[in-house]
Amino acid sequence: RADLNHDLEALMTALDEFKPSWVVNFAAQGMVAQSWIYPEHWYRTNVLGNVLFHDQLRTRSWLEKYVHVGTPEVYGSTQGLIDERAPFNPSTPYAASRAACDLHLRTFFGQYKFPVTWTRAANVYGPGQQLYRIIPRTILSIKLGQKLQLHGGGHSIRSFIHIDDVAVGTLAVAQHAPGGECFHLSTSRFVSIRDLVEMICREMGADFNQVAE
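Note that this is a predicted model, so its numbers are computed, not measured. (Residues numbered from 1 in each chain as written. Predicted model: local features only at pLDDT ≥ 70, side-chain atom pairs only at ≥ 80, totals over all residues. Heavy atoms only, no water.)

## Things to note about the overall build of the protein
- Per the secondary structure count, the protein includes seven helices and eight strands.
- Taken along the three principal axes of its C-alpha coordinates, the protein extends 60 × 35 × 30 Å.
- The burial tally for the protein puts 38% of its 213 residues in the buried class.
- In the protein, the proportion of contacts linking residues at least 24 apart, taken out of those at least 6 apart, comes to 77%.
- Working note: accessible area of the protein is about 12400 Å², and carbon and sulfur atoms make up 53% of it.
- Put simply, the protein has 19 plus and 20 minus side-chain charges, and the middle of one group is 2 Å from the middle of the other. (Helix = DSSP H or I, 4+ residues; strand = E, 2+ residues; numbered from the N terminus. Buried < 20%, exposed > 50% of the residue type's maximum accessible area, 1.4 Å probe, protein only. Contact = heavy atoms within 4.5 Å. Areas by Shrake-Rupley, 256 points an atom, 1.4 Å probe, with all protein chains shown as cover. Lys, Arg positive; Asp, Glu negative; His and termini not counted. Charge placed at Lys NZ, Arg CZ, Asp CG, Glu CD.)

## Brief notes about the side chain of S159
- Mapped onto the elements of the fold, S159 is located in the loop between β5 (157-158) and β6 (160-162).
- Since its relative accessible area comes to 7%, S159 is described here as buried.
- In terms of polar contacts, S159 uses its side chain to reach the side chain of S186, at 3.1 Å.
- If we skip the residues at most four places from it in the chain, S159 touches A122, N123, S186, T187, R189 and F190. (Polar contact = N/O pair within 3.5 Å; in protein donor to acceptor, adjacent residues only side chain to side chain.)

## Section: unusual backbone geometry
- Even without being glycine, K19 reaches a positive phi, approximately 55°.
- Structurally, the position occupied by K19 is in the loop between α1 (8-18) and β1 (22-25).
- A positive phi angle, close to 65°, is found at M31, a residue other than glycine.
- Classification of M31 as partly exposed rests on a relative accessible area of 32%.

## Looking at helix α5 (residues 163-176)
- In this model, α5 (14 residues) spans 20 Å end to end at C-alpha, consistent with the 20 Å of a helix rising 1.5 Å per residue.
- Among all positions in α5, only V166, G169, T170, V173 and A174 are buried. An end-on view of α5 places all buried positions within 135° of arc, on one side of the element. Those residues of α5 that are exposed and angled more than 90 degrees off the buried face are D164, V168 and H176. (Expected span 1.5 Å × (residues − 1). Arc of directions from axis to C-beta.)

## Considerations on the pairing of strand β3 (residues 116-121)
- The element β3 is extensively covered by neighbouring structure, given that six of its six residues are classed as buried.
- Along β3, one buried face is formed by V116, W118 and R120 and the opposite face, lined by T117, T119 and A121, is buried too.
- In this sheet, β3 lies alongside strand β2 (residues 65-70) in parallel orientation, the contact comprising five bridges. Bridge pairing in β3 places V67 opposite T117. (Pairing = 2+ DSSP bridges.)

## A closer look at the packing of aromatic side chains
- What the rule picks out here adds up to four aromatic pairs.
- Between Y66 and F114 the ring centres are 5.3 Å apart and the planes differ by 45°, which places this aromatic pair in the tilted class. One end of the pair, Y66, is in strand β2; the other, F114, is in the loop between α3 (93-112) and β3, and 48 residues separate them in sequence. Summarising the burial analysis for this pair, Y66 and F114 share the class buried.
- A centroid spacing of 6.3 Å and a plane angle of 80° characterise the contact between F108 and F114, whose relative ring orientation is edge-to-face.
- Classification of F108 by relative accessible area gives buried; the value is 11%.
- One aromatic cluster is present, built from ring pairs that chain together Y66, F108, Y112 and F114.
- Over the face of the ring belonging to F108 we find R58, whose NZ or CZ atom lies 5.9 Å from the ring centre.
- The ring of F109 carries K113 above its face, with NZ or CZ at 5.3 Å from the centroid. (Phe/Tyr/Trp six-rings, centres within 6.5 Å; stacked < 30°, edge-to-face > 60°. Lys NZ or Arg CZ within 6 Å of the ring centre and 35° of its normal.)

## Examining the nonpolar core
- Ranked by internal contacts, the top residues of the largest apolar core, which has 20 residues, are V23, F53, L57, L63, Y66 and F114.
- Counting 15 residues, the second largest nonpolar core, distinct from the first, contains L150, I193, C201 and V211. (Core = buried A, V, L, I, M, F, W, Y, C linked by side-chain atoms within 4.5 Å.)

## Structural notes on the pattern of salt bridges
- Scanning all chains against the criterion turns up four salt bridges.
- With its nearest N and O atoms 2.7 Å apart, the salt bridge here joins D83 to R85.
- The class for D83 is partly exposed, based on a relative accessible area of 31%. (Salt bridge = Lys/Arg side-chain N within 4 Å of Asp/Glu carboxyl O.)

Laid out in structure tokens, this is it:
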């Protein structure tokens, strides 16, 4: 285990010993709402920490492919399907920090031919997910008999993708994608948060009106 901000030397020593042909980087500081409180923490990890890491990686001859796991938050608020050429329009410190790192990697690809590809996945769900996420939080509320607050009435529209599909897509990008390309991992099915909670209630035999508020 290593922290990009404090253990970069140890991390690079471990990588130099292992000499992986591929590196898939999931490391980032998440939590959109909290990024407003101490934005410098998000920029320190998602920009500076990653930039220093990439600057080390670009000198390693053993590296053949680097997959940077990004986020569609870099596009800001959107409607419907968007493709990988959509312009960045981040609206939170978290999103801005992720967009900044993606732009930095573009410069490394242009200058050094750094073998980077990007993935940006829709809302991911699956076993072991953090309990504050909407799907496990709904399930937990039903099981505990607690009310679930739907912000804005739950009318925002989302696309959800299972972690197994994200894993398959990420591996395919690592195996086959050319450098400098970005790939969205999503489905064409959209659902409102309210409809999603109603769906979970039906599956669990719960009354939506007793669960959500």
